[in-house]
Structure formats: structure tokens, C-alpha cells
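The primary structure of each chain is shown beneath.
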Amino acid sequence: TPTTIASTTAPQTQTPGSASAVNSSGEVISSIVDQVVTTERVVFTIRNSDGTSLTITHEPTRVQSAFDVEVGSTITVSGTGYEPSTGITVWLYSSPKRLGVSTTANRGQFDAEILIPTGVDLGNHTLSIDGTTARGTSNTRIGITIDLPAFAVPGTGSNPRNSAKCCNINLS
């Protein structure tokens, strides 16, 4: 069972499209964000000076920005540069909500499928990925915007990506 790593305080709010990381001493470690946006997939990568690297991938029903994530969708969080066999915890802030826990493999890498739950407030949030490195803990924060999927009916959690192809309608 992986160990849940939790920051003692909520991370600094990140604006959508920005990323930063801090180590166990609270020092900011530089981050570089690369993003690839196509009509089918969004991939953004954060590389930190502590040797950690994170890639977040999602398949939105519409692309407004690389950092727009839809309720009810799944994102893939992958990372390298962490200590082997240690816990990785993914949090969503404004109100802290643990989205998932993973364990690194023998070379310090991990892959986690994370569901953005329905019922989360729409708008700007901070996705926080916490893990252990050779130098202590690493907390990487990414600013995202949570939105409804294209053609979703508010309050229903409906997602056209998960809906059956529709419909034969007879108007006679």
C-alpha cells in the first residue's frame, strides 16, 4: 500500500498554464513547462531542477487551453526521478481533495490514471503532485481550469465521450 504524502499547508495557488515546484525545505525549484495540444490529446510536461519530471495527458471533448480539464474525465499523470518504491499523491486544491495515490517502480517512475470527479467546483484549481526524491520531498503544482465537457448538461455529469452513439428518431 502506498504511503500518502500530504503537505501541511495548501500549496500556493497556480494560475492556469503555470507550474512550480518546492522541495522539503520550501525552496522553489525551477520548472519548465512544455505543451503539445492537438484536437484529440493534450500533453504537458514539467521538468524540475531536482531531477523530477511529470507528464500529464488528457483527451478533452474540446480544447480551449492545454490546462482545461473536464469534470468526469480521466487524466494520466506520469513521472520520473522519484525514489523507488515510494508513494506519490495527487491532490486538487482549492478545497483539498485527494484524487489518487500511486507507488513508484524500481527506477522511481510511476503512471497513474486520475479521475476528475463530478461535484468539483468549476473554475481555476491547483493540481498538486507530491512525492519523495533523493533530496527529500517534492511538491509540483500545476494551475488548471476545471470545466464541463462539451455538450454536457449541467448537473447531470453527462460526458459525450462516454455516451453511446445516438439516435434513430422517428417523427411520423
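Residues numbered from 1 in each chain as written. Predicted model: local features only at pLDDT ≥ 70, side-chain atom pairs only at ≥ 80, totals over all residues. Heavy atoms only, no water.

Caption draft 1: Representation of the overall build of the chain in the model. Each helix and strand counted, the chain has 0 helices and 12 strands in total. In the chain, the order of α-helices and β-strands from amino to carboxyl end is β-β-β-β-β-β-β-β-β-β-β-β. When burial is assessed residue by residue, the chain has 42% of its 172 residues classed as buried. When contacts within the chain are restricted to residue pairs at least 6 apart in sequence, long-range pairs at least 24 apart make up 59% of them. (Helix = DSSP H or I, 4+ residues; strand = E, 2+ residues; numbered from the N terminus. Buried < 20%, exposed > 50% of the residue type's maximum accessible area, 1.4 Å probe, protein only. Contact = heavy atoms within 4.5 Å.)

Caption draft 2: Spotlight on unusual backbone geometry. Its identity is not glycine, yet S85 carries a phi of approximately 55 degrees, on the positive side. With respect to the helices and strands, S85 occurs in the loop between β7 (74–80) and β8 (87–93).

Caption draft 3: Main features of the pairing of strand β9 (residues 97–103). In the sheet, β8 pairs with β9 via 6 bridges, with the strands oriented antiparallel. In the strand pairing of β9, L92 is matched with K97. What sits between β8 and β9 in their antiparallel hairpin is a turn of 3 residues. (Pairing = 2+ DSSP bridges.)

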